[in-house]
Amino acid sequence: MLTKTSRRKALLPPQKVSIEEYFRAEDKSIYKHEYHDGIIKKMAGGQLTHNRLAQKAANLIDSFLESNDVNLVVSNSDTKIRIEQYNKFVYPDAVVICEKPEFYQNRKDTITNPLVVVEVLSDSTKEYDRTLKYEYYRTIPSFKEYVLVHQDRKHVSVYTKQPDATWIVRDYDGDDATAILYAIQQCPLSLKRLYRGLEIINP
């Protein structure tokens, strides 16, 4: 049973911390945390399927860039993205960075110029990834494409920014589909290759 003091503490808003305090704590932590305008939120650990899909998506994109001599950088979920307008630091599942990475205050683990962001949808985060997180990413000038990878079925959604600043969504479904990433020279992302080796069957 909660005491009066415990109940009082539970009703208090979470204490905000500075960006400097966040980085000091994150540098020492074995877990990942995001920073949301002074509030630190612990990230849930990814399951095996989630982690494999994120890694395979990054590998397929990186292979295309290498084969076509495209000077872009692919990174994994260890890279934080700074969202200036909302005062946030978030972790993507994978990210393609513009030709020359721009680092937040010279931190080599935090970039400010993502070009393409990949998120693998989980039950606990899929609504956030589709809505609020997408809204946050869109405030970053360099951000041109958003790739959502489902893990309960073979399905990929690609959100692509148009020259007039509107966004088009293209959905790709099943082994025969190949998602196209227009922001990186129409990079093909074969769903058959992406989901190969994973026990995922489309309904």
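From a predicted model like this one, the values you see are computed outputs, not experimental measurements.

Explanation requested: the overall build of the chain in the structure shown.
Helix and strand counts for the chain come out as six helices and 13 strands. The C-alpha radius of gyration of the chain comes to 18 Å, within 12% of the 17 Å expected for a compact globule of 203 residues. Summarising its shape, the C-alpha atoms of the chain cover approximately 60 × 40 × 35 Å along the three principal directions. Across the chain, every contact between residues at least 6 apart in sequence was considered, and the portion connecting residues at least 24 apart equals 52%.

Would you mind showing me how to read the sheet that holds strand S10 (residues 155-161) here?
Picture the strands of a sheet paired through backbone hydrogen bonds; they go either parallel or antiparallel. Ordered by their spatial adjacency, six strands build an open sheet running S3-S6-S8-S9-S10-S11, and the pairing between neighbours is mixed. One side of each edge strand has no neighbouring strand; the edge strands of this open sheet are strand S3 (73-76) and strand S11 (167-173). Shown here is a sheet whose adjacent strand axes are inclined to one another by a mean of 15°, direction ignored. Contacting S3, strand S6 (94-97), strand S8 (114-120) and strand S9 (145-149), helix H3 (residues 48-67) runs over the sheet at an angle of about 150° to S8.

I'm lost on the sheet that holds strand S7 (residues 110-111) in this one. Help?
An order of S2-S1-S5-S4-S7 is seen for the five strands of this open sheet, with the pairing classed as mixed. Among the strands making up the open sheet, the edge pair consists of strand S2 (39-42) and S7. Pairing of strand S1 (residues 33-36) with strand S5 (residues 88-90) involves two bridges; the strand directions are antiparallel. Within the sheet, the bridge partner assigned to His-36 lies in S5 and is Lys-88.

Just checking my understanding: could you explain the pattern of salt bridges for this structure?
Two side chains of opposite charge can pair, provided their charged atoms sit close to one another. In total, this model carries 12 salt bridges according to the counting rule given. Among the salt bridges present, the one from Lys-80 reaches Asp-109, with a minimum N-O distance of 3.0 Å. In this pair, Lys-80 is assigned in strand S4 (residues 80-83) and Asp-109 in the loop between S6 and S7, connecting sequence segments 29 residues apart. The class for Asp-109 is partly exposed, based on a relative accessible area of 22%. The salt bridge partner of Arg-82 is Glu-84, with a shortest N-O separation of 3.1 Å. Take Glu-84: its relative accessible area is 56%, and that puts it in the exposed class. Within the structure, one salt-bridge network assembled from shared partners comprises Asp-27, Lys-80, Arg-107 and Asp-109.

What exactly am I supposed to notice about helix H2 (residues 19-28) here?
In an α-helix, one full turn covers 3.6 residues, which means residues spaced three or four apart are oriented alike. Of the positions making up H2, those classed as buried are Ile-19, Tyr-22, Phe-23 and Glu-26. Taken end-on, H2 shows its buried residues confined to a sector of 95°, consistent with a single buried face. Turned more than 90 degrees away from the buried face of H2 sit Arg-24 and Lys-28, all of them exposed. Tucked into the core, H2 has its buried residues touching S1, S2, S4, S5 and S7.

Conventions we followed
- Residues numbered from 1 in each chain as written.
- Predicted model: local features only at pLDDT ≥ 70, side-chain atom pairs only at ≥ 80, totals over all residues.
- Heavy atoms only, no water.
- Helix = DSSP H or I, 4+ residues; strand = E, 2+ residues; numbered from the N terminus.
- Rg over C-alpha atoms; globule rule 2.2 N^0.38 Å.
- Contact = heavy atoms within 4.5 Å.
- Pairing = 2+ DSSP bridges.
- Axes fitted to C-alpha atoms, helices over the stretch in contact; angles between N-to-C directions.
- Salt bridge = Lys/Arg side-chain N within 4 Å of Asp/Glu carboxyl O.
- Buried < 20%, exposed > 50% of the residue type's maximum accessible area, 1.4 Å probe, protein only.
- Arc of directions from axis to C-beta.

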